[in-house]
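Letter by letter, the chains look like this.
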Amino acid sequence: MYLSNISLIYIKPCTTGGGRIKFRAKLNHAVDEVMPYLNAEIKTGLYIPSAKTFTYKIESHIINIKDDRLTCTQLTNEAQCYEMIDHIMDVINDTWERKDSITPFEETRERPNAIQLYKLLPKTNCKVCGQLSCMAFASKLILGTCRLYQCSELKEEQYASNFKTLESHLQLLGYETEAE
Amino acid sequence: MDVYLDNAATTFPKPMIVPEKIYDYIVNNGGTSGRGSYEKAMLADGLVYQTRKSLAKLFNHKDPKTVIFTSSVTESLNLALQGILKPGDHVVTSALEHNAVWRCLKTLERDIAITITVVPATAQGETLINDVAAAIKPETRLIVFTHASNVLGTIQPIGAIGQLAREKGILFLVDAAQSAGVLPIDVQVQCIDLLAFTGHKSLLGPMGTGGLVVNCDADIHPLVSGGTGGDSAYEYQPDYYPNHLEAGTMNVSGIIGLGAALEFLEAEGLENIRAKEDSLMDYALNALKSIPGIELYGPQDSSKTVGVIPFNLEGHAPEEIAFFLDQNCHVMIRSGLHCAPSAHRLIGTIKRGTCRIGIGYFNETTHIDALVDGLQSFIKENN
C-alpha cells in the first residue's frame, strides 16, 4: 500500500465557530508525487506545484495536503475526523494504484483573485490591519503575507457570512486564516 | 483440567490478542478518547473509531458514527427502549426475552403506561411470523426480539420480522446478546433498525463492552448526559452521533480489547466459528441422549439454535448437579433460570430451572466427554 498510515495530531475549533472543529494529521510519508494525479482526478482541486500543496473540498470540508501533513476543516467530532482520514487515505491510495491509467495534470487551475476577495472585505480602508487599503489587504491575502484574522471589522456579526466565504477561498489556496 | 461450558453467560478463554492489546494500551498509551490535545489521546480515539468501524463492517452497517458504545447489552436495550418509547406506545415482543428486555418493558408499562403484547412460541422456542403479524396494533411503535434465546438457544426469524416491521413502519430492535459473533447479522438485509449487542460473549471481547447500532433516524433520548469532549459550552447533549448517546469517559481499554477480538473473529471467519460450534452441539446432543433420566429441552437441532443446551436429570435439582460437576469434576455449567423466566414458562421449568451448557469456539469434544463422565458419576453417587 502506498500510504499505510495517517495519524491525527491536532484538533481545534474552526475559526468560523458553529461548534465545528478542524484537525491536522501526519502522513507516514510525503505524497508530493501523487499530487499531479490527484489534480487530474479531482477537477475542483487546487494544485500548486511550486509549494507542493494540493487542496480540495468535500462538501463543506476543505482538505489541504502539504508534504507529510494534512489539514481538514468543518468537522463535527472526533469520529468524523477519523472517518475523513480513512476516506482521504483511500483516495490517495486508490489514485496511486491507478496512476498508470491517469494522465497527470501539472498545472494550477484558476485561483481566487484579489478582486474577488476585496468584494468580500468591509471596504472601509480602516488600516487596522496595517495596510493602506482593503484592496492592498486583499492582495496580501492572495500572496499569503497577511492573514484574515488581521481584519478586525470582519469579526463583526454582519460580516459573518463573508468571513466564512473568505476563509474558504484562502484555505483552498492552502493558507492558514488565523494567528498561529 | 478445568472445563468451561458456560459460554452463553460469557465466553472464556478470550483470544490472547485481546489481553495483549489491552495491556499494550494501558502500559504504553493510557490516553482517554475524545478529550485529547496530544497525540496519544488521539491515537486512543483512533483505536475506538477502528472498533466502531469493525463492528459496522461485521453487521453490514453503513455509518460507524452510529455504532454507540455502552457498558453492556442491557444498557443498550435500556437506551433504545427508554430513549424511544412514549406513554401510550405499544410494543410487541417474544416469549423468550431475557430480563434485560422484559424488566425494562415492565418498568415502562408501570411507569409511563406503554402496553405490551407477547408473541406466543412453541415449547421448542419457535416463533411463527404470522403470530408476530397478529400482535401488531395501530399504536405499535416498536418490535423487540431476541435473536436467539439464552435458555433454549432457538434462533428467531429475525429477517422476516424485520421485513414485516419495515412494511408496517414499526421500529425493530434486536437483542443480539447470544448471536453477535456466531450468527450472520446484516442490519440492512434483515431490516434491523436498532441492534443491541454485547462484547463479552461470542464477540470474544472483554466484559464492560457493548453497544447499540442505530440504523434509523428515530429520535432517541440519551440515557445519560455529560461530557463528550467537544462543544463543551453547549448546555445539553449534542444531537450528533456518536456523542448524542455517549457521555463520560469511555471504556477505552475494553473497546480496544473488543477491537482486537473482532480482528480475531475476522481472521477465523464467522462461518468456521459457527461450523465448529454446530459440530460440538451435535456431538454434545448425541452424547447427552445416552444419559439415563436426562430431560433435554429446546429444538435439539444445531441448525435451529446457538450453542446452548438446557437439560435436567429426573429427580435432581439443577443446582446440585452444577455443584457436583464443579467440585468433583472441574466442569463449569450454569443452573437456574438464566434471567429469562418467560422461556422457562414455555418448557415448564419456571420453579425448578434447568442446567445449561453454553458451547464456545474454544471448546473441544474432550470437554463434552468430561461433562458426560461427570453426569454419569453424579447419577452413580446420587441414585
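About the criteria used
Residues numbered from 1 in each chain as written. Chains lettered and ligands numbered in written order. Predicted model: local features only at pLDDT ≥ 70, side-chain atom pairs only at ≥ 80, totals over all residues. Helix = DSSP H or I, 4+ residues; strand = E, 2+ residues; numbered from the N terminus. Rg over C-alpha atoms; globule rule 2.2 N^0.38 Å. Buried ≥ 20, exposed ≤ 12 C-beta atoms within 10 Å, placed from the backbone. Contact = placed C-beta atoms within 7 Å. Expected span 1.5 Å × (residues − 1). Domains from an automatic or database assignment. Nonpolar A, V, L, I, M, F, W, Y, C, P; charged D, E, K, R; others polar. Pairing = 2+ DSSP bridges. Axes fitted to C-alpha atoms, helices over the stretch in contact; angles between N-to-C directions. Core = buried A, V, L, I, M, F, W, Y, C linked by C-beta atoms within 7 Å. Parallel < 35°, antiparallel > 145°, perpendicular 65-115°, else oblique. Left-handed = near helix turned anticlockwise from the far one by under 90°.

1. Side note on the overall build of chain A
So, step 1. Each helix and strand in chain A was counted, giving five helices and six strands.
So, step 2. Starting at the N terminus and walking to the C terminus, you meet the elements of chain A as β-β-α-β-β-β-β-α-α-α-α.
So, step 3. Compactness check: chain A gives a C-alpha radius of gyration of 17 Å against a globular reference of 16 Å for 180 residues, within 12% of the reference.
So, step 4. The C-alpha extent of chain A, read off along each of the three principal axes, is 55 × 35 × 25 Å.

2. Observations concerning the overall build of chain B
So, step 1. Counting its regular elements, chain B contains eleven helices and 13 strands.
So, step 2. Relative to its length of 383 residues, chain B is compact, with a C-alpha radius of gyration of 21 Å against a globular reference of 21 Å.
So, step 3. The C-alpha extent of chain B, read off along each of the three principal axes, is 70 × 55 × 35 Å.
So, step 4. Out of the 383 residues in chain B, the part that is buried amounts to 51%.
So, step 5. Sequence-distant contacts, at least 24 apart, represent 69% of the contacts inside chain B between residues at least 6 apart.

3. Here's the deal with helix 3 (residues 73-84) of chain B
Residue and element names in this part refer to chain B.
So, step 1. With twelve residues, helix 3 should cover 16 Å at 1.5 Å per step; its first-to-last C-alpha distance of 16 Å lies within 8% of that length.
So, step 2. By the criterion of burial, helix 3 is predominantly enclosed, with ten of the twelve residues buried.
So, step 3. Of all the positions in helix 3, only V73, T74, E75, S76, L77, N78, L79, A80, L81 and I84 are classed as buried.
So, step 4. Where helix 3 is buried, its residues touch strand 2 (67-70), helix 4 (99-112), strand 5 (140-146), strand 6 (171-175), strand 7 (194-198) and strand 8 (210-214).

4. What to know about the domain arrangement of chain A
Residues and elements named next belong to chain A.
So, step 1. Partitioning chain A into structural domains gives domain 1 (6-101) and domain 2 (114-172).
So, step 2. When each unit is reduced to the centre of its C-alpha atoms, the spacing between domain 1 and domain 2 is 25 Å.
So, step 3. Taken together, the contact between domain 1 and domain 2 spans eight residues of the former and six residues of the latter.
So, step 4. For the side of domain 1 that touches domain 2, the class distribution of residues is two nonpolar, five polar and one charged.

5. Digging into the sheet that holds strand 8 of chain B
Residue and element names in this part refer to chain B.
So, step 1. Taken in spatial order, the seven strands of this open sheet run 2-8-7-6-5-3-4, and their pairing is mixed. This sheet does not close on itself; its edge strands, each paired only once, are strand 2 and strand 4 (115-118). Going from strand to strand, the sheet's axes swing by 20° on average, the running direction of each strand aside.
So, step 2. Alignment of strand 5 against strand 6, held across five bridges, turns out to be parallel. What sits directly across from F145, in strand 6, is V174.

6. A closer look at helix 8 (residues 270-288) of chain B
So, step 1. For helix 8 of chain B, spanning 19 residues, the distance from its first C-alpha to its last is 26 Å, which sits close to the expected 27 Å at 1.5 Å a residue.
So, step 2. On the buried face of helix 8 of chain B, the contacting elements are strand 10 (308-313), strand 13 (354-358) and helix 11 (365-382) of chain B.

7. Regarding the environment of E110 of chain A
All names here are of chain A.
So, step 1. Looking at the secondary structure, you find E110 in the loop between helix 2 (78-97) and helix 3 (114-120).
So, step 2. For E110, a count of 6 C-beta atoms within 10 Å corresponds to the exposed category.
So, step 3. Between the C-alpha atom of E110 and that of K99, which follows or precedes it by eleven residues, the distance is 24 Å.

8. Structural notes on the interface of chain B and chain A
So, step 1. Opposite the 16 residues of chain B that make contact, chain A presents twelve residues.
So, step 2. Taken together, the residues of the side of chain B that touches chain A break down into seven nonpolar, four polar and five charged.

9. Digging into the pairing of strand 5 (residues 61-66) of chain A
Residue and element names in this part refer to chain A.
So, step 1. Of the strand pairs in this sheet, strand 4 (residues 53-58) and strand 5 are connected by six bridges, and their pairing is antiparallel. Following the sheet pairing, T53 is matched in strand 5 by K66.
So, step 2. When strand 5 meets strand 6 (residues 69-75), the two strands line up antiparallel, connected through four bridges. Note on strand 6: the bridge partner recorded for N64 is T71.
So, step 3. Hairpin connection from strand 5 to strand 6: two residues lie between these consecutive antiparallel strands, with D67 at a positive phi of about 50°.

10. Concerning the nonpolar core
So, step 1. Among the nonpolar cores identified, the biggest contains 136 residues, and L194, L195 and A196 of chain B are the most heavily contacted of them.
So, step 2. Apart from residues no more than four positions distant in its own chain, L194 of chain B is found in contact with A80, L171, L173, L212, V213, V214, N215 and C216 of chain B.
So, step 3. Among the nonpolar cores identified, the runner-up in size contains 15 residues, and L117, C134, A138 and L166 of chain A belong to it.

11. Some words on the packing of helix 8 of chain B against helix 11 of chain B
Residue and element names in this part refer to chain B.
So, step 1. It is the contact of helix 8 with helix 11, at a shortest axis distance of 10 Å, that shows an interaxial angle of 20°. Classified by the angle between their axes, helix 8 and helix 11 sit roughly parallel to one another. Both helix 8 and helix 11 take part in a crossing whose hand is right-handed. Listed contacts from helix 11 to L280, Y283, A284, A287 and L288 of helix 8 are T365, I368 and V372.
So, step 2. Here the residues of the contact of helix 8 with helix 11 sort into seven nonpolar, one polar and no charged.

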